[in-house]
Amino acid sequence: MPRYEMPEESRAKEAVYQMISDELMLDANPRLNLASFVTTWMEPECNQLILHSINKNFVDANEYPITTDLHNRCVNMIARLFNVPLGDSEDAVGVGTIGSSEAIMLAGLAFKRRWQDKMKAQNKPYDKPNIVTGSNVQVCWKKFAKYFEIELKEVKLGDGNYVMDPEQAVEMVDENTICVAAILGSTLNGEFEDVRLLNERLMKKNKKTGWGTEIHVDAASGGFIAPFLYPDLEWDFRLPLVKSINVSGHKYGLVYAGVGWVVWRSKDHLPQDFAFHINYLGADQLTFTLNFSKSSSQIIAQYYQLVRLGFQGYRSIMKKCQENAMALKEALERTGRFDIVSKDNGVPLVAFSLKDRRRHDEFEVSERLRRFGWIVPAYTMPPDAQHVTVLRAVVRCDFSRPLAEKLVDDVQAVLQELDALPSRCPSGGRNEQWERR
């Protein structure tokens, strides 16, 4: 197969198809990829809708008005799922994106522009904006800060505390803080940050300083979980300082990769000059995304899932995911070889560490599980907790109880193999994480 240059001659379509298919066979099985939060299974009917709409460019709103209307219906449904304060027939403010990375950058830029406008109106410097997060944030926040020249002020983690502490976060807020970003479902261990406490502490500080600092909630993983499993948990627009929320439709929104959403509390929180009018696609239309062209298929798939499943359907699926995660956690605990780092409440996943790492570590377990087809990542925690190494298994809707049982069997087989091998750990088996315990 050509690798660096386009071939001179055409080839038979059957041959090219077969050659590419043969190479792709060497990829991992997506359903056994427990590193990913991204949906890997959808119903055949939705797959057909995706195939039928994959050639529609979503940005051509004038040519595909029904697709645009389905997009707007999704925005309204998701915003109301997050308790946006709107009337029954009032349209929500939001947009579909390629994923949560684009959604976060749009929300962050809106905070930055509104902060700049406020500082200009007060004749104050506006060249050194910052944003406060925990050091457990996903890499897209670091990209946002670097790409758009914003200082990232990170609350450090510690032993047993792997999410942002609201008290420390509020202490780090100053007049140049454009917002505080809270995470509903940490990538590291699935834990929800305490957005309600953050809101309370930040309101007190705002009252004292007059800065008016606000909150964005990164609900990429937890936005389609909390409303169904934890309806009484206050993390969304019920809290007055929460001005925007992003969520990944391609995670627990149950759509294949390529769709995210960002919604604002009201149109007052989206700067007017963020919207651009274009007329070269056949009519005057509005656009306010970083990306331009994209397929309509994922938007249509999201609408299918929202209508097909409804509230009770999503609730049933999320409940089953949580039950399977608890079953996996309990089975791993019964081996006597692991400490559980994840919480019972949060994103349905299990993060776990070896109790004894004097001879072998989590990276070796991860590596050997690949021989059974499993992708279970091993990684170290962020600064100030980097001595902690964990394995993480994300439980999605297509991860059944039999698969959970098979994973535990394979983990035990790997441990037996490692027990029979010489130690690969440095320093004669000394292990800081084990010794701390």
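Before reading on, note that the structure itself is shown above.
Treat the numbers as computed from the prediction; the structure is a model and nothing was measured.

Calculation notes
- Residues numbered from 1 in each chain as written.
- Predicted model: local features only at pLDDT ≥ 70, side-chain atom pairs only at ≥ 80, totals over all residues.
- Heavy atoms only, no water.
- Pairing = 2+ DSSP bridges.
- Helix = DSSP H or I, 4+ residues; strand = E, 2+ residues; numbered from the N terminus.
- Axes fitted to C-alpha atoms, helices over the stretch in contact; angles between N-to-C directions.
- Patch = residues over 30% accessible without salt bridge, like charges linked within 9 Å, V, L, I, M, F, W, Y side chains within 5 Å.
- Areas by Shrake-Rupley, 256 points an atom, 1.4 Å probe, with all protein chains shown as cover.
- Salt bridge = Lys/Arg side-chain N within 4 Å of Asp/Glu carboxyl O.
- Buried < 20%, exposed > 50% of the residue type's maximum accessible area, 1.4 Å probe, protein only.
- Contact = heavy atoms within 4.5 Å.
- 1 Å grid on protein atoms, 1.4 Å probe; cavity = no way out; pocket = protein on both sides within 12 Å on 5 of 7 lines; lining within 4 Å.
- Points joined across faces, edges and corners; volume = space filled by probe spheres on them.
- Nonpolar A, V, L, I, M, F, W, Y, C, P; charged D, E, K, R; others polar.
- Core = buried A, V, L, I, M, F, W, Y, C linked by side-chain atoms within 4.5 Å.
- Phe/Tyr/Trp six-rings, centres within 6.5 Å; stacked < 30°, edge-to-face > 60°.
- Right-handed = clockwise from strand over helix to strand, strands pointing away.

Caption draft 1: Highlighting the sheet that holds strand β7 (residues 260–264). The seven strands lie next to each other as β1-β7-β6-β5-β4-β2-β3, forming an open sheet whose pairing is mixed. With one partner strand each, in any of the chains shown, β1 (93–97) and β3 (151–155) form the two edges of the open sheet. Strand-to-strand twist in this sheet, taken as the mean axis angle between neighbours without regard to direction, amounts to 20°. Two strands pair when backbone bridges link them, and strand β5 (residues 215–218) and strand β6 (residues 242–248) are joined in this way by four bridges, in the parallel orientation.

Caption draft 2: Examining the sheet that holds strand β12 (residues 378–380) more closely. The strand order β10-β11-β13-β12 describes an open sheet built from four strands, whose pairing is antiparallel. On the outer flanks of this sheet lie β10 (338–340) and β12, each paired with one strand and no other. Within this sheet the neighbouring strands show an average axis-to-axis angle of 40°, counted without direction. Pairing of β12 with strand β13 (residues 389–394), which is carried by three bridges, proceeds in the antiparallel orientation. Bridge pairing links T380 to T389 in β13.

Caption draft 3: Spotlight on a nonpolar patch on the surface. A contiguous nonpolar patch, built from M1, I20 and L24 and spanning about 290 Å² of accessible area, is present on the exposed surface. Structurally, I20 can be placed in helix α1 (residues 13–24). Relative accessible area serves as the criterion here: at 39%, I20 is assigned to the partly exposed category.

Caption draft 4: Local environment of the environment of I104. With respect to the helices and strands, I104 occurs in helix α4 (residues 100–121). With 53 residues separating them in the primary sequence, I104 and L51 have C-alpha atoms 28 Å apart. The residues contacting I104, other than those within four sequence positions of it, are C140, W141, H216, D218 and N246.

Caption draft 5: Region of the structure containing unusual backbone geometry. Although it is not a glycine, N123 adopts a positive phi angle of roughly 55°. By the element assignment, N123 lies in the loop between α4 and β2 (130–134). The backbone of L254 sits at a positive phi, close to 70°, despite the residue not being glycine. Mapped onto the secondary structure, L254 falls in the loop between β6 and β7.

Caption draft 6: Spatial organisation of the layout of surface pockets. The computed volume of the second largest pocket comes to approximately 220 Å³. Lining the second largest pocket are 16 residues, with S100, Q138, A220, S248 and K251 sitting closest to its centre. Here the element with the most residues in the lining of the second largest pocket is α4; it accounts for three residues. Residue composition of the lining of the second largest pocket, by class: five nonpolar, nine polar and two charged.

Caption draft 7: Main features of the nonpolar core. Grouped together as the largest cluster of nonpolar side chains are 70 residues, with contacts concentrated most on F82, V217, F224, W235 and I245. Of the residues forming this core, the biggest block, nine residues, is contributed by helix α9 (residues 297–334). The residues touching F82, leaving out its near neighbours within four places in the chain, are G223, P227, W235, D236, F237, I245, V247 and V263. Membership of the second largest hydrophobic core comes to 28 residues, among which are A325, L391, A404 and L407.

Caption draft 8: Local environment of the packing of aromatic side chains. The final tally for this structure, using the stated rule, is nine aromatic pairs. Both rings, one in F82 and one in W235, keep their centres 5.2 Å apart while their planes meet at 70°; by these two values the pair is edge-to-face. Highlighted residues: F82 in the loop between α3 (65–81) and β1 and W235 in the loop between α8 (226–229) and β6, separated in sequence by 153 residues. Note on F82: relative accessible area 0%, which makes it buried. Between F144 and F148, the ring centres sit 5.7 Å apart and the planes meet at 45°, which makes this aromatic pair tilted.

Caption draft 9: Here's a closer look at the pairing of strand β4 (residues 177–183). Taking burial as the measure, the seven residues of β4 include seven buried ones, the bulk of the element. Strand direction decides the pairing type here: β2 and β4, joined by three bridges, are parallel. Following the sheet pairing, I131 is matched in β4 by C179. Across four bridges, β4 lies against β5 in parallel orientation. Bridge assignment links A181 to a residue of β5, and that residue is H216. Once you follow β4 into helix α7 (residues 195–209) and on to β5, the crossover reads as right-handed.

Caption draft 10: Seen up close, empty space enclosed by the protein. Counting across every chain of the model gives one cavity of 30 Å³ or more. The volume enclosed by the largest cavity comes to roughly 30 Å³. Lining the largest cavity we find F37, T39, K251, Y252, L254, R396 and C397. For the lining of the largest cavity, the per-class residue count stands at four nonpolar, one polar and two charged.

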